[in-house]
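An overview of the molecular structure
Below, each chain spelled out in residue letters.
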Amino acid sequence: IHAANDQALNFYRHSLKDAPAGKVARDYVDRRGIHPDMVDAFQLGYAPDGWDALATAVGRQRWDRDAFEQAGLIALRKQGQGHYDKLRHRLIFPICDAMGRPIAFGGRKLRDEDEPKYLNSPETILFNKSRTLYGLHLAKKAIIDSHAAVIVEGYTDVIACHQAGAKNVLATLGTAFTAEHVTELRRFAEKVVLVYDGDEAGQKAAERAVDIFLHGDMDVAIAVLPGGADPAELLAEEDGLDQWRQCVAAAAPAMDFLLAAFR
């Protein structure tokens, strides 16, 4: 599965750079203001439109088809012969382990009518989404240096933070922050700050985090960004990085945040 993920990553990255086919994904990256160095650092890619671009490449390159099935990247057609791609016409975000090895992929839709908005690889023996944190391999040095890990809500939020210079930032994968995440982060951090872009989301996060805060051995704090902005919007402002750092520094312990909301 590791080998299949490596081969798929190279396929997706090449597809993003492909002049005609990858243009729609490159245009989306440009609209989101993602710099080329971040495209390279996070190894963004493109899953081509059509049903079997990756499956065809697997056959043409004589890669291990069974490994690609186990990785959840291709599947056997229910009708007819051959395989189809699980991720199609999506911007691809490789999900890596702490060593930087790709263990899964997330895909963001590029057509309004496609659903869901984000689609992840299924869980495998390598990938447990309740334990995995997006961007950990790129954030861990900054986390160690600052003693704190900052958790945001999505792939593009992580990239926007790293691009602006806030490099101790990572994200959960569509799940709540869990005790398993704490176990993973305890190797690098003494404190976790959960950043949310709205009061209601922050309160719900605090309610979930209090149990971890009380029963774990790691400080958990909550920061809510001003004016309901998301990280990318805040960091795009002229003094965005300063505002970000002030907001993170002022994060309230989860219990204090929750008690203030009750008051």
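Above: the structure in question.
Residues numbered from 1 in each chain as written. Predicted model: local features only at pLDDT ≥ 70, side-chain atom pairs only at ≥ 80, totals over all residues. Heavy atoms only, no water.

Some remarks on the overall build of the chain
Scanning the chain for helices and strands turns up 12 helices and 11 strands. Relative to its length of 263 residues, the chain is compact, with a C-alpha radius of gyration of 19 Å against a globular reference of 18 Å. If one aligns the C-alpha atoms of the chain with their principal axes, the spans along those axes are about 60 × 40 × 35 Å. Expressed as a percentage of its 263 residues, the buried residues of the chain come to 49%. Summing over all exposed atoms, the chain offers an accessible surface of approximately 12900 Å²; the carbon and sulfur share of this is 49%. (Helix = DSSP H or I, 4+ residues; strand = E, 2+ residues; numbered from the N terminus. Rg over C-alpha atoms; globule rule 2.2 N^0.38 Å. Buried < 20%, exposed > 50% of the residue type's maximum accessible area, 1.4 Å probe, protein only. Areas by Shrake-Rupley, 256 points an atom, 1.4 Å probe, with all protein chains shown as cover.)

Describing the sheet that holds strand S5 (residues 102-109)
What the four strands build is an open sheet, ordered S1-S4-S5-S6; its pairing is antiparallel. Sheet topology places strand S1 (45-47) and strand S6 (118-120) at the edges, where each strand pairs with a single neighbour. Shown here is a sheet whose adjacent strand axes are inclined to one another by a mean of 35 degrees, direction ignored. Summarising the sheet, S1 and strand S4 (residues 90-96) pair through three bridges and their orientation is antiparallel. When the bridges of S4 are listed, Tyr-46 appears paired with Leu-91. Packing against the sheet, helix H2 (residues 23-31) makes contact with S1, S4 and S5, and its axis sits at approximately 70 degrees to S4. (Pairing = 2+ DSSP bridges. Axes fitted to C-alpha atoms, helices over the stretch in contact; angles between N-to-C directions. Contact = heavy atoms within 4.5 Å.)

Some details on helix H7 (residues 155-164)
The buried fraction of H7 is high, at eight of 10 residues. Among the residues of H7, those classed as buried are Tyr-155, Thr-156, Asp-157, Val-158, Ile-159, Ala-160, Cys-161 and His-162. The first or second residue beyond H7 is Gly-165, which carries a positive phi of 110 degrees.

Comments concerning the pairing of S5
The element S5 is largely enclosed, with a buried count of eight among its eight residues. Relative to S5, S4 runs antiparallel, the two being bridged by seven bridges. Looking at the pairing, Cys-96 lines up with Pro-102 of S5. Linkage of S4 to S5, two consecutive antiparallel strands, is achieved through a turn of five residues, within which Gly-100 is found at a positive phi near 90 degrees. With three bridges joining them, S5 and S6 adopt antiparallel strand pairing. Bridging from a neighbouring strand, Gly-107 pairs with Leu-119 of S6.

Examining empty space enclosed by the protein
As enumerated under the stated definition, the model contains one cavity of 30 Å³ or more in all. Considering only enclosed or pocket space, the largest cavity measures out at about 30 Å³ in volume. Lining the largest cavity we find Ala-176, Phe-177, Leu-194, Tyr-196, Ala-205, Arg-208, Ala-209 and Ile-212. Of all the secondary-structure elements, those providing two or more residues to the lining of the largest cavity are strand S9 (191-196) and helix H9 (199-215). With four residues, H9 is the single largest residue contributor to the lining of the largest cavity. When its residues are assigned to classes, the lining of the largest cavity shows seven nonpolar, no polar and one charged. (1 Å grid on protein atoms, 1.4 Å probe; cavity = no way out; pocket = protein on both sides within 12 Å on 5 of 7 lines; lining within 4 Å. Points joined across faces, edges and corners; volume = space filled by probe spheres on them. Nonpolar A, V, L, I, M, F, W, Y, C, P; charged D, E, K, R; others polar.)

Thoughts on the sheet that holds strand S11 (residues 252-253)
Spatial ordering of the open sheet is given by S8-S7-S9-S10-S11, a layout of five strands whose pairing is mixed. Each edge of the sheet is formed by a strand with only one pairing partner; in this case those strands are strand S8 (169-171) and S11. Pairing of S9 with strand S10 (residues 219-224), which is carried by six bridges, proceeds in the parallel orientation. Bridging from a neighbouring strand, Tyr-196 pairs with Val-224 of S10. Each of strand S7 (148-152) and S8 touches H7; the most contacted strand, S8, lies at about 175 degrees to it.

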